[in-house]
Amino acid sequence: MPVEIREVAPVKSELRKFVKFGVNHYKGNSCYVPPLIFDEVETLIPEKNPAFDFCEAQSFMAYRDGKPVGRITAIINRKVNERSGRKEARFGYFETIDDAEVADALFAAAEGWARSHGMNEMVGPMGFTDMDHEGMLVEGFDELGTMATIYNYPYYPEHMERMGYVKDTDWVEYRITVPDAIPEKHQRIADIVAKKYGLRTIRYKSRKKLAADYGVELFKLINEAYDDLYGYSPLTDRQIQYYIDKYLSVLRLDCVSLVVDSNDALVAMGISIPSFSKALRRSSGKLFPLGWYHILKAIYGRNDVVDLMLIAVRKDYLSKGVNALLFADLIPAYRKNGYKYAESNLELEGNENVQKQWQYFERRLHRRRRSYRKQI
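Residues numbered from 1 in each chain as written. Predicted model: local features only at pLDDT ≥ 70, side-chain atom pairs only at ≥ 80, totals over all residues. Heavy atoms only, no water.

Pairing analysis gives 10 bridges linking strand 7 (residues 166–177) to strand 14 (residues 363–375), with the strands arranged antiparallel. Residue pairing across strands places Val166 opposite Arg373, the latter belonging to strand 14. Relative to strand 12 (residues 341–343), strand 7 runs antiparallel, the two sharing 3 bridges. Pairing of Arg175 across the sheet is with Glu343, part of strand 12. (Pairing = 2+ DSSP bridges. Helix = DSSP H or I, 4+ residues; strand = E, 2+ residues; numbered from the N terminus.)

How two helices sit against one another is set out by the angle between their axes and by the gap between those axes. Taken N-terminus to C-terminus, the directions of helix 6 (residues 184–197) and helix 11 (residues 322–337) make an angle of 115°; their axes are 8 Å apart at the nearest point. Viewed along their axes, helix 6 and helix 11 form a crossing whose handedness is left-handed. Residues His186, Gln187, Ile189, Ala190, Val193 and Ala194 of helix 6 form the contact with helix 11, whose participating residues are Val322, Asn323, Ala324, Leu325, Phe327 and Ala328. Taken together, the residues of the contact of helix 6 with helix 11 break down into 9 nonpolar, 3 polar and no charged. (Axes fitted to C-alpha atoms, helices over the stretch in contact; angles between N-to-C directions. Left-handed = near helix turned anticlockwise from the far one by under 90°. Contact = heavy atoms within 4.5 Å. Nonpolar A, V, L, I, M, F, W, Y, C, P; charged D, E, K, R; others polar.)

With that settled, the discussion passes to the packing of aromatic side chains. In total, this model carries 26 aromatic pairs according to the counting rule given. Relative to Tyr32, the ring of Tyr26 lies with its centre 4.4 Å away and its plane at 15°, an arrangement referred to as stacked. Given the relative accessible area of 8%, Tyr32 is considered buried. Pairing Tyr197 with Tyr317 gives two aromatic rings, centres 5.7 Å apart and planes at 85°, and the pair type is edge-to-face. (Phe/Tyr/Trp six-rings, centres within 6.5 Å; stacked < 30°, edge-to-face > 60°. Buried < 20%, exposed > 50% of the residue type's maximum accessible area, 1.4 Å probe, protein only.)

Here Tyr317 is to be found in the loop between strand 11 (305–313) and helix 11. Separated by 120 residues in sequence, Tyr317 and Tyr197 have C-alpha atoms that sit 9.4 Å apart. With near-sequence residues (within four places) excluded, Tyr317 lies in contact with Tyr197, Leu199, Val267 and Val322.

Moving on, we get to a nonpolar patch on the surface. Nonpolar side chains collect at one region of the surface, where Phe288, Leu290, Trp292, Tyr293, Leu296 and Tyr300 lie side by side and expose about 680 Å² of accessible area between them. Note on placement: Leu296 falls in helix 10 (residues 291–300). According to the relative accessible area criterion, Leu296 is partly exposed, its value standing at 41%. (Patch = residues over 30% accessible without salt bridge, like charges linked within 9 Å, V, L, I, M, F, W, Y side chains within 5 Å. Areas by Shrake-Rupley, 256 points an atom, 1.4 Å probe, with all protein chains shown as cover. Salt bridge = Lys/Arg side-chain N within 4 Å of Asp/Glu carboxyl O.)

With that settled, consider helix 7 (residues 207–226). The end-to-end C-alpha separation of helix 7 is 24 Å, well short of the 28 Å expected for 20 residues at 1.5 Å each. Where helix 7 bends most, at Tyr214, the angle is about 60°. Leu210, Tyr214, Gly215, Leu218, Phe219, Leu221, Ile222, Asn223 and Tyr226 are the residues of helix 7 that are buried. Tucked into the core, helix 7 has its buried residues touching strand 8 (200–202), helix 8 (237–247), strand 9 (256–260), strand 10 (266–274) and strand 11. (Expected span 1.5 Å × (residues − 1). Bend = angle between axes of the 7 residues up to and from the residue.)

Time to look at the pairing of strand 2 (residues 55–64). Within a regular beta strand, the side chains point alternately toward one face of the sheet and then the other, so they alternate between its two faces. With respect to burial, strand 2 is a largely interior element, 8 of its 10 residues being buried. Here strand 2 pairs with strand 3 (residues 67–77) via 10 bridges, running antiparallel. Directly across from Met61, in strand 3, lies its bridge partner Arg71. Linking strand 2 to strand 3, which pair antiparallel, is a turn of 2 residues; within it Asp65 sits at a positive phi near 55°.

Turning to the nonpolar core, a few remarks are in order. Core analysis: the biggest nonpolar cluster contains 54 residues, and Ile72, Phe91, Phe94, Phe107, Phe128, Met160 and Tyr165 have the highest contact counts within it. Of all the elements, helix 4 (residues 100–116) adds the most residues to this core, at 8 residues. Among all residues touching Phe128, those that are not within four sequence positions of it are Thr43, Leu44, Asn49, Ala51, Phe52, Cys55, Ala57, Ile75, Asn77, Arg90, Tyr93 and Ser233. In terms of nonpolar packing, the next biggest core, distinct from the first, is built from 35 residues, Leu210, Ile222, Phe276 and Ile295 among them. (Core = buried A, V, L, I, M, F, W, Y, C linked by side-chain atoms within 4.5 Å.)

Dropping the structure here:
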């Protein structure tokens, strides 16, 4: 039967089908971690996601004999294009059965939409901004994923190369063993840095007070620290408030460390959360009826793994050992909470400043992801 491509209207009922196809596509796969379905749907609704202030998007679904067999979203981030001078569209949310005809039809639709909007390149998988999922898995298919990353079957990269897409950049991920104690050299560096620059770590017991004192500053620091990274889209004031409301309320505060100077100005931050991977698998990405229970259990119950979500250091403090302060503060909390491993999540393979921070820890590179590019 021929493949039929349908545009997906940006309304909750249609987008829910779009998102649930991705979840159902991996049914029975032991390494796939589903997203929270309501959260994924909200990201694709223009009235909900402030990234649509400067982005355009169109989602497509592929059908054969009336049954869904694939999906894709084409995105244009005008802000990134203005910064880079390129005319590129992004593709994201790509899922397909192992069928060349389906993959070709999906990309033909996405590329055609991009060309009709004046674009001449396609890059991805990427989302609207760096706060969304990005990077196609090319190594580590037998490793349990994280809530911050994409899982895909091994045949996906094969289809990308067959369609003429080439590597644009890679990200690597490390599984880090939480040490029994702060490494001696690490602690020594932390002490020297704190004394030399007049820095100290601070913690909060109230999410509301954390948001009031440093909520905006946290995301402004992300904008500064990540500004030169691959495809970065600076967060607007509306996006910053959106993410403060969305994420700060679910943090486990003993997994958050801030470094400030003598004037209480924010110098660095380390935001980590207990792994949601098993909780999301148990709930199949649903909050109800019992998804909320599994997530709360992941946050406050027994958990072997902690996810390192956001680590940022102000540019004027790069390569000065400030990261040592963060982990000297966090490691005791990790040990107290019973975390045995930390997931680094995505790090650009050429980002030496990030790679250096793991030199005192036992670790293994266990996943690699790729962004592809093609002239269209």
